[in-house]
Amino acid sequence: FDGKTVDTPWKTFANINGRVFNPGDTIFLKAGESWDEELELSGNGLEGSPIKITGYGDGDNPLFVGTDMQDHRSLTFHNPSYLEISNIDFEGGKIGIYLRYENSKDNKSVLIENCNFKNIADPGYYNDLGAELLRNNYEYAWSAGIMLGGKVHHDFTYENILDGLTLRHLNFNNTDVGFMTNFYHPPVYKSRITNLQMNDIYGTHCAGGVFALNFVDGGIVERVRSLYSGGNLPNGTTGGFTQSSKNVTIDDCEFAYTIRDNCPDGIGFDFEGDNDNFIFSNNVVHNNDGSALLVMSTIGHNNNITVKNNTFYANAKNPLKSDYNREMMCHDSGNNGLIDNNGFYRKNATATYTTKWDGFTKIGNREGLLDTLFPNKSFQWEFNVDGDFEGWRDPHQITAFSVSGGFLSGFSTGDDPFFYSPTIFINSFEYPVLKIRMRTGAGSHAQIFYITDTDRVWNGEKSVFFPLIDNLNFHEYSIDLREAGLKGVLIGLRIDPAIVENAQFQIDWIRFSQH
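Here's a quick rundown of the structure. Note that the structure is a prediction, hence the values are computed from the model and not measured. (Residues numbered from 1 in each chain as written. Predicted model: local features only at pLDDT ≥ 70, side-chain atom pairs only at ≥ 80, totals over all residues. Heavy atoms only, no water.)

## Brief notes about the overall build of the chain
Then, number 1: The helix and strand tally for the chain stands at two helices and 46 strands.
Then, number 2: What you see for the chain is a C-alpha radius of gyration of 26 Å, in line with the 24 Å of a compact globule of 515 residues.
Then, number 3: When its C-alpha atoms are laid out on the principal axes, the chain stretches across 75 × 65 × 35 Å.
Then, number 4: The buried share of the chain, taken over its 515 residues, is 57%.
Then, number 5: Sequence-distant contacts in the chain: of pairs separated by 6 or more residues, those separated by 24 or more amount to 76%.
Then, number 6: Entry remark: accessible area of the chain is about 20,200 Å², with carbon and sulfur atoms responsible for 46%. (Helix = DSSP H or I, 4+ residues; strand = E, 2+ residues; numbered from the N terminus. Rg over C-alpha atoms; globule rule 2.2 N^0.38 Å. Buried < 20%, exposed > 50% of the residue type's maximum accessible area, 1.4 Å probe, protein only. Contact = heavy atoms within 4.5 Å. Areas by Shrake-Rupley, 256 points an atom, 1.4 Å probe, with all protein chains shown as cover.)

Okay, structure coming up:
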């Protein structure tokens, strides 16, 4: 076996461990197989000719199995540049993928995609052992699915280590942190890592959050979901974290159900300190034990933090102290930014803000009690009671608008027939798909318009067409509104059942679902 073909593969990592790889090299791992060895590699690719580590064949992703929760690092790559890792899973151990840099600068372009990380959770992370490791600057103190770090020596203190890190289509389940950047322990330099891209990432039960950013300059984090993070973590728990970073946008993400469990915080998202020029926009932050957002000055003040177009609701379920019982918590004075066009809807919190938000300008925000402003939490309408429209209203260019015999029915009198939903409150991350069972009698297309908590103007930009099938018979239509551009919390629909005159439509039911 020479490891050069699918028919002659090596069975272990013995032949490649410690090797230096070259541009264009690919390491293939067979689908459905697993290894409990540590793999340690190095080398640099080139633009257009990266080094690749990926799975091949049919079946489940190849799997690294970590055996020592306090020290096992499944895949370590030293000083990578132009590296791509894809279609591999990691379970157990201390760290899944470790991108380790030492005495290296000006590296470029690392991509990690289509990987899953599970049960990478060091018990020492939760007790005095973890604190002791941190006090002694132990390089592997933190446990994470993906760690970017290493050691920064004196000559490299103010150098860019990596420009261009892309993480996409990843899942983290029960990892202490999903993705983390940190180094041990140079002076702060916020441009150590530049141009971070994170998208389409799902994390659940990550003690310290789905991501923790340190020393990042520039990038966007989008479509990341952090659910049920936290636990009994002495340093405090959060769904996402940033410190000593700048010029980052966090957009269209969800941070929810963070657990405090007799420790501090339980926060949706944590601006821990010394951050500059952040945009936190179009996110949904809800049902966390602590506040939706925490702003602190652990290392230094946060400057120019823009919080806009978000929906925050039902947070502060189990705060550490009674005066923390707020949707928004600012721990220190001296931070500054803008809070613009957000919805703050309390269920447990006694007020929206703690004190010390004086450095933030607040404009155009909405506040109130969730159940008072949005009493209707329905996400399905069956029309089984004659005469009960279940809140659907205001028909336009429609006659004989009625509910009878289990159907919502009407007849179009023009080429722009439509009607509106009741006021609703539907988190697009939880229920992104609208399903309608109907027949229309005429027409080739229907159209759905929507408005959100942060954009309440009806217009064509927030609409989607879908083709009609066989007008004489009932069909179930499925429309993914997030794929059509929906972000945040949906508060209203307009349905145009057929864009023609003389269409006799009947709707059996309207429902929202996860898929």
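## Let's talk about the side chain of Asp289
Then, number 1: With respect to the helices and strands, Asp289 occurs in the loop between strand S25 (284–286) and strand S26 (293–295).
Then, number 2: The buried charged residue Asp289 lacks any salt bridge partner; its closest oppositely charged side chain belongs to Lys317, at an N-O distance of 4.6 Å. (Lys, Arg positive; Asp, Glu negative; His and termini not counted. Salt bridge = Lys/Arg side-chain N within 4 Å of Asp/Glu carboxyl O.)

## Notes on the environment of Phe512
Then, number 1: Residue placement: Phe512 occurs in strand S46 (residues 504–513).
Then, number 2: Phe512 sits in the buried class, given a relative accessible area of 3%.
Then, number 3: Considering only alpha carbons, one finds Phe512 and Lys435, 77 residues apart in sequence, at a separation of 6.0 Å.
Then, number 4: With sequence-adjacent residues up to four places away left out, Phe512 is seen in contact with Phe379, Trp381, Ile426, Tyr431, Val433, Leu434, Leu481, Leu490 and Leu493.

## Thoughts on the sheet that holds strand S4 (residues 39–44)
Then, number 1: Across the sheet, which stays open at both edges, the twelve strands sit in the order S1-S4-S7-S10-S12-S14-S16-S19-S23-S26-S29-S32 with parallel pairing between neighbours. Each edge of the sheet is formed by a strand with only one pairing partner; in this case those strands are strand S1 (20–21) and strand S32 (351–353).
Then, number 2: Taken together, the five bridges between strand S7 (residues 73–81) and strand S10 (residues 95–102) define a ladder with parallel strand orientation. The residue bridging Leu75 from the neighbouring strand is Ile97, located in S10. (Pairing = 2+ DSSP bridges.)

## Focus on the packing of aromatic side chains
Then, number 1: Here the structure, examined in full by the defined rule, presents 36 aromatic pairs.
Then, number 2: Each member of the aromatic cluster is reached from another via a ring pair, and the members are Trp381, Phe389, Trp392, Phe401, Phe419, Phe505 and Phe512.
Then, number 3: Sitting over the face of the ring of Phe183, Arg192 holds its NZ or CZ atom 5.8 Å from the ring centroid.
Then, number 4: Between the NZ or CZ atom of Arg511 and the centre of the ring of Trp509, over which it lies, the distance is 3.9 Å. (Phe/Tyr/Trp six-rings, centres within 6.5 Å; stacked < 30°, edge-to-face > 60°. Lys NZ or Arg CZ within 6 Å of the ring centre and 35° of its normal.)

## Details of the environment of Tyr98
Then, number 1: You can see Tyr98 is positioned in strand S10.
Then, number 2: C-alpha of Tyr98 to C-alpha of Thr76: the two residues are 22 residues apart in sequence and 4.6 Å apart in space.
Then, number 3: Setting aside residues up to four positions removed in sequence, Tyr98 forms contacts with Arg73, Leu75, Thr76, Phe77, Glu139, Tyr140, Met147, Gly149 and Gly150.
Then, number 4: A polar atom in the side chain of Tyr98 sits 3.2 Å from the backbone nitrogen of Gly150. (Polar contact = N/O pair within 3.5 Å; in protein donor to acceptor, adjacent residues only side chain to side chain.)

## Things to note about unusual backbone geometry
Then, number 1: Even without being a glycine, Asp200 presents a positive backbone phi close to 55 degrees.
Then, number 2: Along the chain, Asp200 turns up in strand S15 (residues 193–204).
Then, number 3: Backbone geometry at Asn282 places phi at a positive 60 degrees, although glycine is not the residue there.
Then, number 4: Within the element layout of this structure, Asn282 appears in the loop between strand S24 (276–281) and S25.
Then, number 5: Given the relative accessible area of 18%, Asn282 is considered buried.

## Observations concerning the pairing of strand S23 (residues 269–273)
Then, number 1: Burial runs high along S23: five of the five residues are buried.
Then, number 2: Pairing of strand S19 (residues 240–243) with S23, which is carried by three bridges, proceeds in the parallel orientation. Looking across to S23, one finds that Phe241 is bridged to Asp270.
Then, number 3: Note that S23 and S26 share three bridges and pair parallel. Directly across from Phe269, in S26, lies its bridge partner Leu293.

## Examining the state of the cysteines
Then, number 1: Counted by the stated rule, this structure contains zero disulfides.
Then, number 2: Looking at Cys206, it has no disulfide partner, and the nearest cysteine sulfur is the one in Cys253, 14 Å off.
Then, number 3: Left unpaired, Cys263 is separated from the closest cysteine sulfur, that of Cys206, by 15 Å.
Then, number 4: Among the residues examined, Cys263 registers a relative accessible area of 3% and is labelled buried. (Disulfide = S-S within 2.5 Å.)

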